[in-house]
Amino acid sequence: PALTNYLDNTAAKAQKDAEDRAMRRIGGMSFQEARDAVNSGKMTEMDNPWFKAAFMKQYGERLAYERVNELSTEYETNFDKNSGDIDGLIRGRTSDDLDQYGNDPHFTGAYTKVMDSFGARAKTAQAQYKTEQVKQDTVSGVYDTFHGEATSLREAGKTPQEIVNTLRGKYEGNRSLLHVDFKEQD
């Protein structure tokens, strides 16, 4: 028991030391330096499984945040928010990373945690955008209908008060059917 306890404590200390070294090592690198170090296979510390686990976890997080920044920019600048596939956009950008490093469980765990969180936020943002578009389209439709009807009533010789009364007679129907409140209809 004493020998087992000693070995367990020694192993835990060695693991903690290796993890700390990995954190300091990757913390002192730029993203490109970290990528080159992983891809080159020339980091001798990677022979230590604890060092490798900690390093790959940190690298997975850093690469995921790099992808999140790229995807956020793409979404705001080039993505077709009306008919685009947000899941496809994310999958397209992450598949190469997972193909290359996905066999490392420490990388995959850290990477997918960040990307899953971003995916959920992106889907929520996309849903909010589409909801706002539907709402804007509905309000525009009400405006166009009111404008067309007001023009027709004016051409028919109706007074401004008669036109207003006719249009306001449609307010309740637009509110209950289209969920456009009175203020927006005004």
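Residues numbered from 1 in each chain as written. Predicted model: local features only at pLDDT ≥ 70, side-chain atom pairs only at ≥ 80, totals over all residues. Heavy atoms only, no water.

*Asks:* In this structure, what is going on with the overall build of the chain? I would like to understand it.
*Replies:* The helix and strand tally for the chain stands at eight helices and zero strands. Its C-alpha radius of gyration of 30 Å places the chain more than 25% over the 16 Å reference for a compact globule of 186 residues. C-alpha extents for the chain along the principal axes are approximately 100 × 40 × 25 Å. Across the 186 residues of the chain, 28% fall into the buried class. (Helix = DSSP H or I, 4+ residues; strand = E, 2+ residues; numbered from the N terminus. Rg over C-alpha atoms; globule rule 2.2 N^0.38 Å. Buried < 20%, exposed > 50% of the residue type's maximum accessible area, 1.4 Å probe, protein only.)

*Asks:* Could you clarify how one ought to interpret the pattern of salt bridges in this entry?
*Replies:* When the charged atoms of two side chains with opposite charge come close together, those side chains can pair. Applying the stated criterion to the full structure yields ten salt bridges. Between Asp-97 and Arg-67 there is a salt bridge, with its nearest N and O atoms 2.6 Å apart. Of this pair, Asp-97 sits in helix H4 (residues 86-101) while Arg-67 sits in helix H3 (residues 49-77), placing them 30 residues apart in sequence. Of the charged contacts, one joins Glu-74 and Arg-93 as a salt bridge, the two residues approaching to 3.4 Å between their closest N and O atoms. With Glu-74 in helix H3 and Arg-93 in helix H4, this pair connects stretches of sequence that are 19 residues apart. You can call Arg-93 partly exposed: its relative accessible area is 29%. Sharing partners across several salt bridges, the network here consists of Arg-67, Glu-70 and Asp-97. (Salt bridge = Lys/Arg side-chain N within 4 Å of Asp/Glu carboxyl O.)

*Asks:* Explain the packing of helix H5 (residues 105-155) against helix H7 (residues 171-178) to me, please; I cannot follow it from the model alone.
*Replies:* Between H5 and H7, the least distance of the axes is 12 Å, while the angle of their chain directions is 155°. Considering the angle they form, H5 stands roughly antiparallel to H7. The element H5 and its partner H7 pack so that their crossing is right-handed. Residue-level inspection shows Thr-138, Val-142 and Phe-146 of H5 in contact with H7, the latter providing Tyr-171, Asn-174 and Leu-178. Grouping the amino acids of the contact of H5 with H7 by side-chain chemistry returns four nonpolar, two polar and no charged. (Axes fitted to C-alpha atoms, helices over the stretch in contact; angles between N-to-C directions. Parallel < 35°, antiparallel > 145°, perpendicular 65-115°, else oblique. Left-handed = near helix turned anticlockwise from the far one by under 90°. Contact = heavy atoms within 4.5 Å. Nonpolar A, V, L, I, M, F, W, Y, C, P; charged D, E, K, R; others polar.)

*Asks:* Is there a simple way to explain the side chain of Asn-174 in this structure?
*Replies:* Assignment of secondary structure puts Asn-174 in helix H7. Classification of Asn-174 by relative accessible area gives buried; the value is 13%. Among all residues touching Asn-174, those that are not within four sequence positions of it are Val-142, Phe-146, His-179, Val-180 and Gln-185.

*Asks:* Honestly, helix H2 (residues 31-40) in this entry has me stumped. Any pointers?
*Replies:* A turn of α-helix holds 3.6 residues, and therefore any two residues three or four places apart point the same way. Phe-31, Ala-34, Ala-37 and Val-38 are the residues of H2 that are buried. Relative to the axis of H2, the buried residues are bounded by an arc of 130° and lie together on one face. Looking at the buried residues of H2, the elements they touch are helix H1 (2-27), H3 and H4. A positive backbone phi angle near 75° is found at Gly-41, which sits one or two residues after H2. (Arc of directions from axis to C-beta.)

*Asks:* How should I be thinking about the nonpolar core in this particular structure?
*Replies:* As a rule of thumb, nonpolar side chains are buried together in soluble globular proteins. Membership of the largest hydrophobic core comes to 29 residues, with the highest contact counts inside it found for Phe-55, Tyr-59 and Met-115. The set of elements that each furnish at least two residues to this core consists of H1, H2, H3, H4 and H5. Met-115 has contacts with Ala-64, Arg-67, Val-68, Leu-71, Ile-90 and Thr-94, leaving out every residue within four places of it along the chain. Counting eight residues, the second largest nonpolar core, distinct from the first, contains Ala-150, Leu-167, Tyr-171 and Val-180. (Core = buried A, V, L, I, M, F, W, Y, C linked by side-chain atoms within 4.5 Å.)

*Asks:* Just to check I follow, could you spell out unusual backbone geometry for this structure?
*Replies:* Working note: non-glycine residues mostly have negative phi, and peptide bonds are mostly trans. With phi around 60°, His-179 is a residue other than glycine that occupies positive phi space. Among the secondary structure elements, His-179 is positioned in the loop between H7 and helix H8 (182-185). Owing to a relative accessible area of 66%, His-179 belongs among the exposed residues under this scheme.

Purely spatial values, then, with no claim about function.
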